[in-house]
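Residues per chain, in single letters:
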Amino acid sequence: MRIVIDGMGGDNAPKSNVEGVVNAIKEYNVDLIITGDKEILEKEFANYEFDRSKLEIVHTTEVVKNEDKPVKAIRSKKDSSMVVALRLVKEGKADAIISAGSTGALLAGGLFVVGRIKGIDRPCLCPTIPNAKRGMTLIADGGANVDCKTRNLVEFAAMSNIYAKKVLDMENPRLALANVGIEEGKGNDLVKKSYEELKKLDLNFIGNVEARDVINAYTDIIVCDGFTGNILLKSCEGVAMSVMKLIKETLLSSTKGKLGAMLIKDDLKKLKSFMDYAEYGGAPLLGVNGGVIKAHGSSDSRAIKNAINQGIKFAKGNVVEDIKEFIKTIEEQQGKDEE
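Everything quoted here is computed from the prediction, not taken from an experiment. (Residues numbered from 1 in each chain as written. Predicted model: local features only at pLDDT ≥ 70, side-chain atom pairs only at ≥ 80, totals over all residues. Heavy atoms only, no water.)

This part takes up the pattern of salt bridges. Scanning all chains against the criterion turns up 18 salt bridges. Two residues, D31 and K54, come together in a salt bridge whose shortest N-O distance is 3.6 Å. Of this pair, D31 sits in strand 2 (residues 31-36) while K54 sits in the loop between helix 2 (38-45) and strand 3 (55-59), placing them 23 residues apart in sequence. You can call D31 partly exposed: its relative accessible area is 29%. By relative accessible area, K54 is classed as buried at 16%. With its nearest N and O atoms 2.5 Å apart, the salt bridge here joins D322 to K166. Pair noted here: D322 is in helix 12 (residues 319-338) and K166 is in helix 6 (residues 150-166), with a separation of 156 residues, a long-range link. Its relative accessible area of 27% is what places D322 among the partly exposed residues. (Salt bridge = Lys/Arg side-chain N within 4 Å of Asp/Glu carboxyl O. Helix = DSSP H or I, 4+ residues; strand = E, 2+ residues; numbered from the N terminus. Buried < 20%, exposed > 50% of the residue type's maximum accessible area, 1.4 Å probe, protein only.)

Have a look at this one:
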């Protein structure tokens, strides 16, 4: 098993990628590939002691930038670190790619380079958000598909259920539809139809969930279109950052508060760590024929290391094979229904 990291290259290569790779090799004893400017990467890796036989550097001459148009960049920058890394997954030379680069480009590359799993209409991006029970809640879809059909939401549900079991170690994940109310029959046509279809599947489907209950760990997986999911994700991130800022400002606004802050300093650090994206590594793109993990654009070495661990668990858990098996089961059922 091998994991490839989009190291970008040139002045765009973050030091966190190098440190994350080194730490992953030491902790997980995994074989890794990193793509990017070989000369620069070699100099960076020379500063660390680790088993060099576990790492291969593949030289690339181009970089996909955030301001590039995603599809055009994937099609025109054939020797970019991202495209080369995606091609290694496509060719079976790597089991998963980890990239902290352009989200749009990675989604386009997952679709056009790695390719969809046969039978899957649209892949979905599945980020996680921390919840009040100190666990995580998976959002499917977090922004890859703005407009969706019932078929898409059903596929998102099944794929995220497989991922939650195999990678996040959830034994029987609870799954709910994002809606404006918890009662059956509420919502738009997409949600109503999806509700009926999800009841038919062998999933732990618990019905609808309102946005206010997301942080309360009402469910383990939230299924929705990408437009709703992205707003939900960004809202939660914004609230979390604002609350932490307000706590800090309040405690530092008075002498009494400053004394109290000294007493609970370690607890505040734990809370901040729990809400930190670095703890969760990255978001998988489910429905493509290989492991594609989108790490946060500001990922530090810990986030990169955790994302690599996600890629390892993704490959070992045979997530792609299980999704293919799900498609096969659905097609067989549809054939029986037509008879």
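Further notes follow.
Take the nonpolar core next. If you look at the biggest cluster of nonpolar residues, it comprises 37 residues, and the most contacted ones within it are F156, L175, L177, L198, V223 and L286. Listing elements by their share of this core, those giving two or more residues are strand 7 (136-140), helix 6, strand 8 (175-178), helix 7 (189-200), strand 10 (221-223) and helix 12. Looking at this core element by element, the count peaks at 9 residues for helix 6. L177 has contacts with L153, V191, S194, Y195, L198, F205, G207, N208, V209 and V223, leaving out every residue within four places of it along the chain. Judged by nonpolar contacts, the second largest core, of 24 residues, contains I3, V18, I34 and I293. (Core = buried A, V, L, I, M, F, W, Y, C linked by side-chain atoms within 4.5 Å. Contact = heavy atoms within 4.5 Å.)

With that settled, the discussion passes to the packing of aromatic side chains. By the definition in use, this model includes 3 aromatic pairs. When the ring of Y163 is compared with that of F314, the centres are 6.3 Å apart and the planes differ by 50°; the resulting orientation is tilted. Linking Y163 in helix 6 with F314 in helix 11 (residues 301-316), this pair joins segments that are 151 residues apart in sequence. Across the pair, exposure class does not vary: Y163 and F314 are buried alike. Both rings, one in Y195 and one in F205, keep their centres 5.1 Å apart while their planes meet at 75°; by these two values the pair is edge-to-face. (Phe/Tyr/Trp six-rings, centres within 6.5 Å; stacked < 30°, edge-to-face > 60°.)

Here 5 strands make up an open sheet; going across it, the order is 6-7-10-8-9 and the pairing mixed. Of all the strands in the sheet, the pair left with one neighbour each is strand 6 (128-130) and strand 9 (205-209). Adjacent strand axes in the sheet meet at a mean angle of 30° when their direction is disregarded. In this structure, strand 8 lies alongside strand 9, joined through 4 bridges in parallel fashion. Bridge pairing in strand 9 places A178 opposite V209. Contacts between helix 6 and the sheet are confined to strand 7, strand 8 and strand 10, with strand 10 contributing the most and set at about 165° to the helix. Where helix 8 (residues 226-251) meets the sheet, its contacts fall on strand 6, strand 7, strand 8 and strand 10, and the angle it forms with strand 7 comes to roughly 150°. (Pairing = 2+ DSSP bridges. Axes fitted to C-alpha atoms, helices over the stretch in contact; angles between N-to-C directions.)

These values are about where atoms sit, not about what they do.
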